[in-house]
Amino acid sequence: MRKLLYLFFSMALVAALTTYAMWAADRPAGHYLSDLRIKLAVNQGTPGDRGNLLGIQPELFPTDYQSSARLHRKLAAYLQQARDQGLLNEKTVVVLPEHVGTWLMISGEKDELYQAPTLAEAMNWLAASNPLLFARAWLRAKGEQRLDDAYLRMKAKAMAKDYQALFGGLAKEFQVTLVAGSIVLPEPSIRDGRLKPGSGALFNSSVVFGRDGVPLGQPQRQMHPIFDQQGVIQAEDKHAIQVVDTPAGRLGILIGSDSWYPGNYRTLDEQGAQLVAVPAQVIGQGAWDKPWRGYKGSSTPGSVSLKPGDLSEGQAWHRLTLTAQPPSSRAIAGVSVFMRGQFWDKPSTGRSFLSSNGQQFADGEARGARLLNVWL
């Protein structure tokens, strides 16, 4: 009798594991409908032969990431509309928002993930649908928030490959220099022209792709992650700012709240930066208009007199992001680009703006995809 029970339970376990494996491997494509329109919200200066700095504020949702092809379709539609309006040329530098590449972690997943009501539930589906990848990532996870670390780490190789193929491909397709927002990867680096993840700590990083689709320089890592991310995202050394040469001039990148530190602009000045790109993100319903929470876990620079609650989040971004505001920066132009849209219960609510010759120009409307352009 005991042997029969053992055999029965063994067969039941095999059947259950087989069914689970078949379920996890099944990736049916869900229905997809997305708004491909984008509005030219800001267009400063006069077209000339020096090129232009173009920020693309996309409106994105989880279903846009169901495949790289879908995301390409949307971003290519934005770029095509920019081309149709005469905003793309061989010296154009295009800037995309923070974490536009990070969400590649949900590419190719089951429809239940995209339809989940909350981010927490969506991440549960991600782990359940990729048991081996998740288990391996859990073992390699670092820090106190191992679960969040594992979610970001588990598909790093595929994410890096998709990120370069997608954004390098767009740069080549439209013959522009492209600042590909940012992506969270373990110790990313460019080796032999390819973006490769390592096995160490996670960094929020941005890669610039040239007109040939090849990365320029090494990934720019974020130096000051906000406190919500500090248990997962590693801070880069403060001296690790780099500047790359583009057809429009020397370009520096400050990711998110890195743009709040005056010392970073002095470092860019020392390297001759003429343009500054700030891929950024603000999350939370109405967060742009709520009181500013300060430097979010980091010490306030001595030259900054603002205190938490003195002004709104949006006003703080305009005050602290010093692109092209002499004497804090000698760059001739800069753009801060935010993502719009909603990822489950986490809406993105930032509003993009640009700077030129000491003046700031912003889009007054809060919703939808936007183009912000400045001629150099």
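Further up the page is the structure itself.
Let us look at the structure shown here. (Residues numbered from 1 in each chain as written. Predicted model: local features only at pLDDT ≥ 70, side-chain atom pairs only at ≥ 80, totals over all residues. Heavy atoms only, no water.)

Quick look at the overall build of the chain now. Each helix and strand counted, the chain has nine helices and 19 strands in total. Contacts spanning at least 24 positions in sequence make up 70% of the contacts within the chain whose residues lie at least 6 apart. About 16,700 Å² of surface is accessible on the chain, with carbon and sulfur atoms providing 54% of the total. (Helix = DSSP H or I, 4+ residues; strand = E, 2+ residues; numbered from the N terminus. Contact = heavy atoms within 4.5 Å. Areas by Shrake-Rupley, 256 points an atom, 1.4 Å probe, with all protein chains shown as cover.)

A few words on the packing of aromatic side chains. Taken as a whole, this structure holds 15 aromatic pairs when the rule is applied. Judged by centre distance (5.1 Å) and plane angle (85°), the ring pair of Trp317 and Phe338 falls under edge-to-face. Linking Trp317 in helix α9 (residues 313-320) with Phe338 in strand β14 (residues 333-338), this pair joins segments that are 21 residues apart in sequence. Each member of the pair, Trp317 as well as Phe338, carries the same accessibility label: buried. (Phe/Tyr/Trp six-rings, centres within 6.5 Å; stacked < 30°, edge-to-face > 60°. Buried < 20%, exposed > 50% of the residue type's maximum accessible area, 1.4 Å probe, protein only.)

Counted by the stated rule, this structure contains eight salt bridges. Between Asp64 and Lys74 there is a salt bridge whose closest N-O contact spans 3.1 Å. Of the two residues, Asp64 is situated in the loop between β3 (59-60) and α2 (68-84) and Lys74 in helix α2; the sequence distance between them amounts to ten residues. Just as Asp64 is buried, Lys74 falls in that class too. In this structure, Asp363 engages Arg370 in a salt bridge whose closest nitrogen and oxygen atoms are separated by 2.8 Å. On the accessibility criterion, Arg370 (7% relative accessible area) is buried. (Salt bridge = Lys/Arg side-chain N within 4 Å of Asp/Glu carboxyl O.)

This next bit is on the nonpolar core. Within the largest apolar cluster, 61 residues are counted, with the highest numbers of intra-cluster contacts made by Ile56, Tyr65, Ile106, Tyr163, Phe167 and Leu170. Among all residues touching Tyr65, those that are not within four sequence positions of it are Leu60, Leu71, His99, Val100, Trp103, Leu104, Ile106, Ser107, Gly108, Tyr114, Met339 and Phe343. Membership of the second largest hydrophobic core comes to 27 residues, among which are Met223, Leu254, Val282 and Tyr295. (Core = buried A, V, L, I, M, F, W, Y, C linked by side-chain atoms within 4.5 Å.)

A few words now on the sheet that holds β3. Strand order in the open sheet formed by three strands is β3-β15-β16, and the pairing between neighbours is mixed. Single-partner strands in this sheet number two, and they are β3 and β16 (346-349). Inspection of the sheet shows strand β15 (residues 340-343) paired to β16 by four bridges, in the antiparallel sense. The partner of Arg340 across the bridge, within β16, is Thr349. (Pairing = 2+ DSSP bridges.)

Bringing the pairing of strand β13 (residues 275-280) into the picture now. Across the six residues that make up β13, a large majority, six, are buried. Of the two faces of β13, both are covered, the one formed by Leu275, Ala277 and Pro279 as well as the one formed by Val276, Val278 and Ala280. Here three bridges tie strand β12 (residues 249-253) to β13, and the two strands are oriented parallel to one another. Along β13, the bridge assignment pairs Gly252 with Val276.

Turning to helix α8 (residues 262-270), a few remarks are in order. Taken together, the buried positions of α8 are Pro262, Asn264, Tyr265, Leu268 and Asp269. Buried residues of α8, viewed axially, fall in a sector of 155°; they line one side. Exposed side chains of α8 directed beyond 90 degrees from the buried face belong to Arg266 and Glu270. The inward-facing, buried residues of α8 abut β11 (243-246), β12, β13 and α9. (Arc of directions from axis to C-beta.)

On their own, these measurements won't tell you what the molecule is for.
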